[in-house]
2 protein chains.
Amino acid sequence: MNMLIQVQDNVLCRYGITRVLENGNSMEKAAVNVSIIHGHLSEARAKAMSSRGRNVEVGSEYFAGALSIVFHPCNPYVPTFRSDVRYFEVKDFGWFGGGADLTPNYLDEDDARYFHTFLKEICDKFDPDFYQRSKSACDSYFYLPARKEHRGIGGIFFDDLESFTVDDHKSENSIMVKEKYKSERAQVFEFVCQLAKGFLPSYLPIVKRKRDLPYGDRERQWQLLRRGRYLEFNLLYDRGVKFGLDGGRIESIMVSAPPLIAWKYNVVPEIGSPEAQMIETLSCPRIWV
Amino acid sequence: MNMLIQVQDNVLCRYGITRVLENGNSMEKAAVNVSIIHGHLSEARAKAMSSRGRNVEVGSEYFAGALSIVFHPCNPYVPTFRSDVRYFEVKDFGWFGGGADLTPNYLDEDDARYFHTFLKEICDKFDPDFYQRSKSACDSYFYLPARKEHRGIGGIFFDDLESFTVDDHKSENSIMVKEKYKSERAQVFEFVCQLAKGFLPSYLPIVKRKRDLPYGDRERQWQLLRRGRYLEFNLLYDRGVKFGLDGGRIESIMVSAPPLIAWKYNVVPEIGSPEAQMIETLSCPRIWV
């Protein structure tokens, strides 16, 4: 566990708790991060936010709070799970982001349907269009262009879910789904809380069903290779990692890395194999519910 | 082996050979890449070059050729080795880059001195100041700011070694050593050839001396963790990887990844241990020759 309160350039207060389980019975690695940061926007952060349509100035005071979870299971038949909720406030604006997604090594359509149905039910109570938009945003975000592969079978991903709207600001530059709820703050906050409470029940039934399935060296090797894609995404494309690297605590950022990863040259699964089926599924997002 | 000739947007011709050895007796993974590319500068590439002081326009015709080598040894006492030579030509400019560096898991001062002395002798024949400048550039380049660690014990790294100078162009933006040799093209080319011929003799004696040293699980685990830093650098900071990802062949780019890597949370070696000594050495570059 790490608890950290520190002061540095641009940061008025940084507070975080990271808890990690390593070599568990079901989980080879599991981690939960809570981080709170209050400071002034650095040039890099202001630039990144402006490029996404937020008119913010270098030096503006901001507050950010996030809860994130990652599970890297032992059994190759159990998918990797990642989720987070986050809140960002700068000057008079405040908005929520978050999401949850599944990264299997082997496709199980029942798992995919269960997971997406579970998330959709939470979303539907908030807004009947929300699942579809945040599902598409998830598919767009967790994508490795150089591999022409989506990272997993998706879930939901949202950003810029505003809890109160002070002004209009351009959003054309962003690839993210933009939600401009002019509703009461309480309604948005309630949705984010319900989502966070849903993280474990969306995933644990899948773990329980598969954690004791027998597997061999072939499945283990495939899991280690697929974890390589997971890390490629995190280090090459993930916005949270880039945000964190700008002055954040590296061990809390890299805690999302899988515990053991292999890279082999040019592995192409045999046509018709379960491994090939997985790759094919990752090439084009599917509708699960 | 991969041989590839393809045509895509902005690319007139791309040709490459990648050869990989996996699970060898001394090398867990070893790879050699030759790549030749001829095309028009994409926006991303033109921008990257302009930010380094090159006044190039989007769409300019360019030619790039590179040879790169990486060795990931089995034995944790044998350091990882990486080297390359490259040539870039755009419009009327042409320049060479390259380098070689060593990433040990355990410090051996004799290895470090041997390696640096070998490289210095090649450099000295070209220019008596070249080793010092390219050694400093190597220390600056292979650095992980978030870890406050240099990747290894360095070597040499150079860029912008011009074989003919057509015009002056600003170089203030670059952190790289800038060499403006107004000498004959032949002299620069001869140096680059001598350097490439020196890659194997700079490294193989170190491999031979240590590949049969006994080691246990502790040393293997440390090796797997240190390889994590190697990959963090490649994906987060390496310019060659970024250049390659802009339309390059991903398997040839990722061939530099170590074969097996571990991430554990917040590993801090015991004070006074060989692992702690290595970390201490990586915090501040040393003079080896």
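Residues numbered from 1 in each chain as written. Chains lettered and ligands numbered in written order. Predicted model: local features only at pLDDT ≥ 70, side-chain atom pairs only at ≥ 80, totals over all residues. Heavy atoms only, no water.

### Overview of the pattern of salt bridges
All names here are of chain B.
So, point 1. Tallying each qualifying case throughout the model produces 42 salt bridges over all chains.
So, point 2. Of the charged contacts in the structure, one is a salt bridge between aspartate 101 and arginine 151, with a shortest N-O distance of 3.3 Å. On the criterion of sequence distance, the pair formed by aspartate 101 in strand 6 (residues 93-103) and arginine 151 in the loop between strand 8 (149-150) and strand 9 (154-164) is long-range, its members being 50 residues apart. Across this residue pair, the class does not change: aspartate 101 and arginine 151 are buried. (Salt bridge = Lys/Arg side-chain N within 4 Å of Asp/Glu carboxyl O. Helix = DSSP H or I, 4+ residues; strand = E, 2+ residues; numbered from the N terminus. Buried < 20%, exposed > 50% of the residue type's maximum accessible area, 1.4 Å probe, protein only.)

### Here's the deal with the environment of Leu67(B)
All names here are of chain B.
So, point 1. Tracing the chain through its elements places leucine 67 in strand 4 (residues 61-73).
So, point 2. Sequence-wise, leucine 67 and isoleucine 17 are 50 residues apart; in three dimensions their C-alpha atoms are separated by 9.6 Å.
So, point 3. Leaving out residues up to four positions away in the same chain, leucine 67 has contacts with Val32, Asn33, Val34, Ser83, Asp84 and Val85. (Contact = heavy atoms within 4.5 Å.)

### Structural notes on unusual backbone geometry
So, point 1. Phi is positive for Lys148(A), close to 50 degrees, though the residue is something other than glycine.
So, point 2. Position of Lys148(A) relative to the elements: it lies in the loop between strand 7 (143-144) and strand 8 (149-150).
So, point 3. Positive phi values are uncommon outside glycine, yet Asn23(B) reaches one of about 55 degrees.
So, point 4. Among the secondary structure elements, Asn23(B) is positioned in the loop between strand 2 (11-22) and strand 3 (27-40).
So, point 5. Overall, Asn23(B) belongs to the exposed group, its relative accessible area being 57%.

### Points about helix 8 (residues 274-283) of chain B
So, point 1. Of the positions making up helix 8 of chain B, those classed as buried are Glu275(B), Ala276(B), Met278(B), Thr281(B) and Leu282(B).
So, point 2. In this structure, the buried residues of helix 8 of chain B make contact with strand 8 and helix 5 (217-236) of chain B.

### Focus on the packing of helix 2 (residues 109-126) of chain B against helix 4 (residues 185-210) of chain B
Residue and element names in this part refer to chain B.
So, point 1. Closest axis-to-axis distance for the helix 2/helix 4 pair is 9 Å, and the angle between their directions is 165 degrees. One finds that helix 2 runs roughly antiparallel with respect to helix 4. Once helix 2 is placed against helix 4, the crossing between them reads as right-handed. Only Gln187, Val188, Phe191, Gln194, Leu195, Gly198, Pro201, Ser202, Pro205, Ile206, Arg209 and Lys210 of helix 4 make contact with helix 2, whose side of the interface consists of Asp110, Asp111, Tyr114, Phe115, Phe118, Leu119, Ile122, Cys123 and Phe126.
So, point 2. When its residues are assigned to classes, the contact of helix 2 with helix 4 shows 13 nonpolar, 4 polar and 4 charged. (Axes fitted to C-alpha atoms, helices over the stretch in contact; angles between N-to-C directions. Parallel < 35°, antiparallel > 145°, perpendicular 65-115°, else oblique. Left-handed = near helix turned anticlockwise from the far one by under 90°. Nonpolar A, V, L, I, M, F, W, Y, C, P; charged D, E, K, R; others polar.)

### Quick notes on the relation of the copies chain B and chain A
So, point 1. Screw-axis analysis of chain B against chain A gives a translation of 0.0 Å along the axis, an RMSD of 0.0 Å, and a rotation angle of 180 degrees. Both copies of the chain, as the preceding transformation shows, are related through a two-fold rotation axis. No C-alpha of chain B lies nearer the rotation axis than that of Ile261(B), which sits 2.6 Å from it. (Least-squares fit on C-alpha atoms with pLDDT ≥ 70 in both.)

### Points about the packing of aromatic side chains
So, point 1. One pass over the full model with this rule turns up 48 aromatic pairs over all chains.
So, point 2. A centroid spacing of 5.3 Å and a plane angle of 5 degrees characterise the contact between Tyr62(A) and Phe88(A), whose relative ring orientation is stacked. Linking Tyr62(A) in strand 4 (residues 61-73) with Phe88(A) in strand 5 (residues 80-90), this pair joins segments that are 26 residues apart in sequence.
So, point 3. Clustering of aromatic rings is evident, with ring pairs tying together Phe71(A), Phe81(A), Phe115(A), Phe199(A) and Tyr203(A).
So, point 4. Lying over the aromatic face of Tyr230(B), Arg151(B) brings its terminal NZ or CZ to 3.9 Å of the ring centre. (Phe/Tyr/Trp six-rings, centres within 6.5 Å; stacked < 30°, edge-to-face > 60°. Lys NZ or Arg CZ within 6 Å of the ring centre and 35° of its normal.)

### Quick word on the environment of Leu41(B)
Residue and element names in this part refer to chain B.
So, point 1. Structurally, leucine 41 is set in the loop between strand 3 and helix 1 (43-51).
So, point 2. A relative accessible area of 1% places leucine 41 in the buried class.
So, point 3. Placed 17 residues apart in sequence, leucine 41 and valine 58 show a C-alpha to C-alpha distance of 5.3 Å.
So, point 4. With sequence-adjacent residues up to four places away left out, leucine 41 is seen in contact with Ala46, Met49, Val56, Glu57, Val58, Gly59, Ser60, Tyr62, Phe88 and Val90.

### Re the interface of chain B and chain A
So, point 1. Facing the 31 residues of chain B at the interface are 31 residues of chain A.
So, point 2. In total, about 2800 Å² of surface goes out of reach between chain B and chain A, with carbon and sulfur atoms giving 59% of it.
So, point 3. It is Glu251(B), Trp263(B) and Tyr265(B) in chain B that bury the most area against chain A; as a group they hold 28% of the surface buried on that side.
So, point 4. Scanning the region where chain B abuts chain A turns up 2 salt bridges.
So, point 5. A salt bridge links Glu251(B) to Arg147(A); its shortest N-O distance comes to 2.8 Å.
So, point 6. Applying the counting rule to chain B against chain A returns 13 residue pairs in polar contact (both at pLDDT 80 or more).
So, point 7. Of all the elements in the fold, those that place two or more residues in the side of chain B that touches chain A are strand 2, helix 5, helix 7 (250-253) and strand 10 (260-262) of chain B.
So, point 8. When residues of the side of chain B that touches chain A are assigned to their parent elements, the largest contribution, 6 residues, is made by helix 5 of chain B.
So, point 9. Grouping the amino acids of the side of chain B that touches chain A by side-chain chemistry returns 19 nonpolar, 4 polar and 8 charged. (Buried area = accessible area lost by both parts, 1.4 Å probe. Polar contact = N/O pair within 3.5 Å; in protein donor to acceptor, adjacent residues only side chain to side chain.)

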